[in-house]
Amino acid sequence: MSIRISIAQVNPRLGDLQANLAIYEERIGQAAADKAQLLLFPELSLTGYMLRDTVPAVALKLDAPEIKQLMALSRQVAFVAGLVEESADHKFFNSAVYFEDGEIRHVHRKVYLPTYGMFDEQRYFARGDRVRAFDSKFGRLALLICEDLWHPSTIYLAALDGALAVLCPSASPLRGIVDQQSQDDNARYWELINRANAETYSVFMIYGNRCGFEDGVGFWGGSEIVDPFGARLVKARYYDEDFIAAEVSFEAVRRKRTMSPLLRDEDLDLTINELMRIRERPGAGIVRGRKTAKKK
Amino acid sequence: MTQIPTNAALLRQILVAFIRNEVRKTGLARVVVGLSGGVDSALSAMLAAEALGRENVLAVLMPYKSSNPDSQAHAELVVQKSGIESMVVSITPQVDGYFERYPDADARRRGNKMARERMTILYDQSMRWNALVLGTSNKTELLLGYGTLHGDMASAINPLGDLYKTQVWALSEAIGVPEVIVKKEPSADLWSGQTDEGELGFTYREVDKLLYLMVDQRYTKAELSAAGFPESFIDNIAARIMNSQFKRRLPVIAKVSQRTIDRDFRYSRDWGK
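No experiment lies behind these values; they were computed from the predicted model shown.

Reading guide: rules and limits
Here the residue index of a chain counts from 1 through its sequence in written order. In the order they appear in the text, chains get letters beginning with A and ligands get numbers beginning with 1. Restriction of local features to residues with pLDDT of at least 70 applies here, the model being predicted, together with a cutoff of 80 or more for giving and counting side-chain atom pairs; totals for whole chains, interfaces and linings are based on all residues. Only heavy atoms go into the side-chain values, all of them from the structure, while hydrogens and water stay out. Every helix listed is a DSSP run of H or I at least four residues long, and every strand listed is a run of E at least two residues long, numbered separately from the N terminus. Throughout, exposure labels follow a simple rule: accessible area from a 1.4 Å probe, protein chains only, divided by the maximum for the residue type, with under 20% read as buried, over 50% as exposed, and the rest as partly exposed. Contacts are assigned to residue pairs that have any heavy atoms within 4.5 Å of one another. The method behind every accessible area is Shrake-Rupley, applied with a 1.4 Å probe, and residues are considered shielded solely by the protein chains displayed. When charges are counted, Lys and Arg are positive and Asp and Glu negative, with His and the chain ends excluded. Charge positions come from single atoms, namely NZ of Lys, CZ of Arg, CG of Asp or CD of Glu. Multiply 1.5 Å by the residue count of a helix minus one, and that product is the helix's expected span. Definition of a polar contact: a pair of N or O atoms within 3.5 Å, with one able to donate and the other able to accept a hydrogen when the atoms are protein atoms, and with sequence-neighbouring residues admitted only if both atoms are side-chain atoms. Here's the idea: put two parts together, see how much 1.4 Å probe accessible area each one loses, and the total over both is what we call buried area. Just to be clear on terms, a salt bridge is a Lys or Arg side-chain nitrogen sitting within 4 Å of an Asp or Glu carboxyl oxygen. Here the nonpolar group is Ala, Val, Leu, Ile, Met, Phe, Trp, Tyr, Cys and Pro; Asp, Glu, Lys and Arg are the charged ones; every other residue, Gly included, is treated as polar. The criterion for an aromatic pair is that two Phe, Tyr or Trp rings (for Trp, the six-membered ring) have centres within 6.5 Å, with stacked assigned to planes under 30 degrees apart, edge-to-face to planes over 60 apart and tilted to the rest. What counts as an axis is a line fitted to C-alpha atoms, over the stretch in contact for a helix, and the angles between N-to-C directions run from 0 to 180 degrees. Roughly parallel means an angle under 35 degrees; roughly antiparallel, over 145; roughly perpendicular, 65 to 115; everything else is oblique. Left-handed describes a crossing whose near helix is turned anticlockwise from the far helix through less than a right angle; right-handed describes the clockwise counterpart. At least two bridges found by DSSP between two strands is the condition for calling them paired.

Novice: When you look at the overall build of chain A in this model, what are you seeing that I'm missing?
Specialist: On a plain count of helices and strands, chain A comes out with 9 helices and 14 strands. Dimensions along the principal axes, computed over C-alpha positions, put chain A at roughly 50 × 50 × 40 Å. Each of the 296 residues in chain A was classed as buried or not, and the buried ones make up 55%. In chain A, the proportion of contacts linking residues at least 24 apart, taken out of those at least 6 apart, comes to 67%. Counting only carbon and sulfur atoms, one obtains 52% of the accessible surface of chain A, whose full area is about 12800 Å². The positive charge centre, built from 39 side chains, and the negative charge centre, built from 41, are 5 Å apart in chain A.

Here you go:
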């Protein structure tokens, strides 16, 4: 099956839902006109990134009128939105929401909230507690948000859960100037892991980063789609707005997995057994989440 | 990663995008910049011209009667080369008018006063011209506290604040700041014969190497020693950074409420933009 996937590399307005909804509407229209079937927006692109104390002001419950508006827009083209989700018990999550044919089909709450150096996410957001692939009308997909992908366990789980493509909304800040390197060092690292992940897990990596500046921090753009062989199908401009699209054929996943059936050979029990052992190792400083992952 | 990178092409691309984005999101299109004749303000002004168009950059030349005449001549070179708007406002009457009452004021007081008079002129012109004040302080002087609080350190946006002086020189050369400005000895020109490096007691290139390892690469004191820096130099610079921290922060506010500005009332500067 071949589908046309677009990425809207946008520059949202910080803390202004209405302005950003207008950007969504415009880009969704553009994707539909371009005959795209699936559109990826960057992390927190409905709200802006450095929200700090505006988090509760821009948070949306999944029955909010703005969400209804997004559902309606998804009749034109399926898309992934990046927004602040408020749960019934008033936790705020940095979420990616997959809209398809007028409905919400999947919500991923960012698990790894960077809280070091320039980042402060855990101060404002609650942490997601699950990583799941899900079935879309195009095939099985997974959503992972930015820092999630810097933890190899997330894509490992997504791939073993059957994802053929991983969509990654990102708000990745440019930082680190290196001589003889045409982009900043963060861009270099992302491109390295996108390619490595695509090849290692035989999946399509659909990476949508934002652009623009917030309080002097620039976002480097450079959104891309990488196929399971590590070939880059399309690349957006660095540091500037862009809109890109590529034909993605899931047959490539089949071909790649036929040639190198690494996922087939993956020994899940070995991994689980060793993880159980490591989990109990005294003094290992293991971060333990909640044991919730039973239902659904 | 022990050498300061000077990737001029990338820095230029980022800083031009920074100025364009951060100015336009405020709803404005223009900047004013105090042009001293030195390399920092020349670089800021030329980056702004590239980002916003030369007609949207106003250089204000603000000589004092004892300023080195080369300073204004060099500032005029930048104006000519970049084609930006310019005006000259002498600060002599307002500085002298004040110090007539305090004739025994020393050079440091006079220097600080000059820097702050220039700031008031820039902010007034920025309002007249519907523009933002563009900063010119580099990372070296910000870390060392080698600037006047509410004077030359004041601005709305600053493209150079994360660039060491070494990087300012390299980028200036690459984007065509007149050579005489890049090559000359840095001076605040607050009094005759003043040079930055004379006053500081070390060269920018020396201190930049240390600052880069200490701040950017987080070398410990032992690692800095092992890298060949004298202990007294390390201690001197570490103390300078610590003792000038106040210049890099808002004034200290006494907390009495549940929500205090900048402590638990936290919003980005670009809030709503």
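Novice: Would you take a moment to explain helix H6 (residues 185-201) of chain A for this structure?
Specialist: Residues separated by three or four positions in an α-helix point in the same direction, a consequence of the helix having 3.6 residues per turn. All names here are of chain A. In this model, H6 (17 residues) spans 24 Å end to end at C-alpha, consistent with the 24 Å of a helix rising 1.5 Å per residue. Where H6 is concerned, the buried positions are Asp185, Asn186, Ala187, Trp190, Glu191, Ile193, Asn194, Asn197, Ala198 and Tyr201. Capping the start of H6, Asp184 holds a side-chain oxygen 3.1 Å from the backbone nitrogen of Asn186, two or three residues further along. The first or second residue beyond H6 is Ser202, which carries a positive phi of 50°.

Novice: So what exactly am I meant to see when it comes to the interface of chain B and chain A here?
Specialist: A common way to express how large an interface is: the accessible area buried when the components associate. Taken together, the contacts link 26 residues of chain B with 26 residues of chain A. Note on chain B versus chain A: buried area summed over both sides is about 2200 Å², and carbon and sulfur give 51% of it. When the buried area of chain B at its contact with chain A is split by residue, Leu10(B), Arg266(B) and Ser268(B) rank highest and sum to 26% of it. On the surface where chain B and chain A come into contact, there are 2 salt bridges. Of the residues that constitute the side of chain B that touches chain A, the class distribution is 11 nonpolar, 6 polar and 9 charged.

Novice: Help me out: how do you make sense of the packing of aromatic side chains in this one?
Specialist: Where two aromatic rings form a pair, the distance of their centres and the angle of their planes describe that pair. Residues and elements named next belong to chain A. Under the counting rule described, the total for this entry stands at 23 aromatic pairs over all chains. Measuring from ring centre to ring centre gives 6.1 Å for Phe41 and Phe79, while their planes differ by 85°; the resulting arrangement is edge-to-face. Remark: Phe79 occurs in strand E3 (residues 78-86) and Phe41 occurs in the loop between strand E2 (38-40) and helix H2 (55-58); sequence separation between them is 38 residues. By the burial criterion, Phe41 is buried, and Phe79 matches it. For the pair Tyr207 and Trp220, a centre-to-centre distance of 5.8 Å together with 20° between the ring planes defines the contact as stacked. Residue Tyr207 is located in strand E9 (residues 204-209), and its partner Trp220 is located in the loop between strand E11 (217-218) and strand E12 (224-226); the two are separated by 13 residues in the primary sequence.

Novice: How do you make sense of the packing of helix H10 (residues 204-216) of chain B against helix H12 (residues 231-243) of chain B when you look at a structure like this?
Specialist: Helix packing for two helices is described by the angle between their axes and how far apart those axes are. Residues and elements named next belong to chain B. Packing of H10 against H12 leaves a shortest axis separation of 11 Å and a crossing angle of 70°. Of the possible angle classes, the one that applies to H10 and H12 is roughly perpendicular. Regarding H10 and H12, the two cross each other, and that crossing is right-handed. Taken together, the residues of H12 that come into contact with H10 (itself represented by Glu206, Val207, Leu210, Leu211, Met214 and Val215) are Phe233, Ile234, Ile237, Ala238 and Ile241.

Novice: What's the story with the pairing of strand E13 (residues 232-235) of chain A in this structure? I'm lost.
Specialist: On any regular strand, side chains alternate: one points to one face of the sheet, the next to the other face. All names here are of chain A. Here 3 bridges tie E12 to E13, and the two strands are oriented antiparallel to one another. By the bridge assignment, Ile225 is partnered in E13 with Val234. What sits between E12 and E13 in their antiparallel hairpin is a turn of 5 residues, with Gly230 showing a positive phi close to 90°.

Novice: Would you take a moment to explain the sheet that holds strand E7 (residues 139-143) of chain A for this structure?
Specialist: By way of backbone hydrogen bonds, the strands of a sheet pair with one another, either parallel or antiparallel. Residues and elements named next belong to chain A. As summarised here, the arrangement of the 6 strands in space is E6-E7-E8-E9-E12-E13, forming an open sheet in which the pairing is mixed. Across the chains shown, the open sheet's two edge strands, defined by having one partner strand only, are strand E6 (133-136) and E13. Between one strand axis and the next, the sheet turns by 20° as a mean value, whatever way the strands run. Here 3 bridges tie E9 to E12, and the two strands are oriented antiparallel to one another.

Novice: Where do I start with the side chain of Asp40(B) in this structure?
Specialist: All names here are of chain B. For Asp40, the location among the structural elements is in helix H2 (residues 39-52). Given the relative accessible area of 11%, Asp40 is considered buried. Apart from the residues within four sequence positions on either side, Asp40 is in contact with Thr136, Asn138, Glu141, Leu160, Lys165 and Val168.

Novice: Is there a simple way to explain the sheet that holds strand E5 (residues 103-109) of chain A in this structure?
Specialist: Residues and elements named next belong to chain A. What the 6 strands build is an open sheet, ordered E5-E4-E3-E2-E1-E14; its pairing is mixed. Of all strands in the sheet, those with a lone pairing partner are E5 and strand E14 (242-249), marking the two edges. Across the sheet, the mean angle from the axis of one strand to that of its neighbour is 30°, orientation sign disregarded. Relative to E5, strand E4 (residues 92-100) is paired through 6 bridges, and the arrangement is antiparallel. Of the residues in E5, the one forming a bridge with Tyr98 is His106. Contacting strand E1 (2-9), E2, E3 and E14, helix H1 (residues 17-33) runs over the sheet at an angle of about 160° to E3.

Novice: What is the right way to read the pattern of salt bridges from this model?
Specialist: A side chain of one charge can pair with a side chain of the opposite charge if their charged atoms are brought near each other. One pass over the structure, following the stated rule, counts 39 salt bridges over all chains. A salt bridge links Arg105(A) to Glu103(A); the nearest nitrogen and oxygen atoms lie 3.7 Å apart. For Arg105(A), a relative accessible area of 34% puts it in the partly exposed group. Where Lys65(B) meets Asp96(B), a salt bridge forms, and the shortest distance between an N and an O atom there is 2.6 Å. On the criterion of sequence distance, the pair formed by Lys65(B) in the loop between strand E2 (57-61) and helix H3 (69-82) and Asp96(B) in helix H4 (residues 92-99) is long-range, its members being 31 residues apart. On the accessibility criterion, Lys65(B) (57% relative accessible area) is exposed. The buried category is assigned to Asp96(B), whose relative accessible area is 18%.

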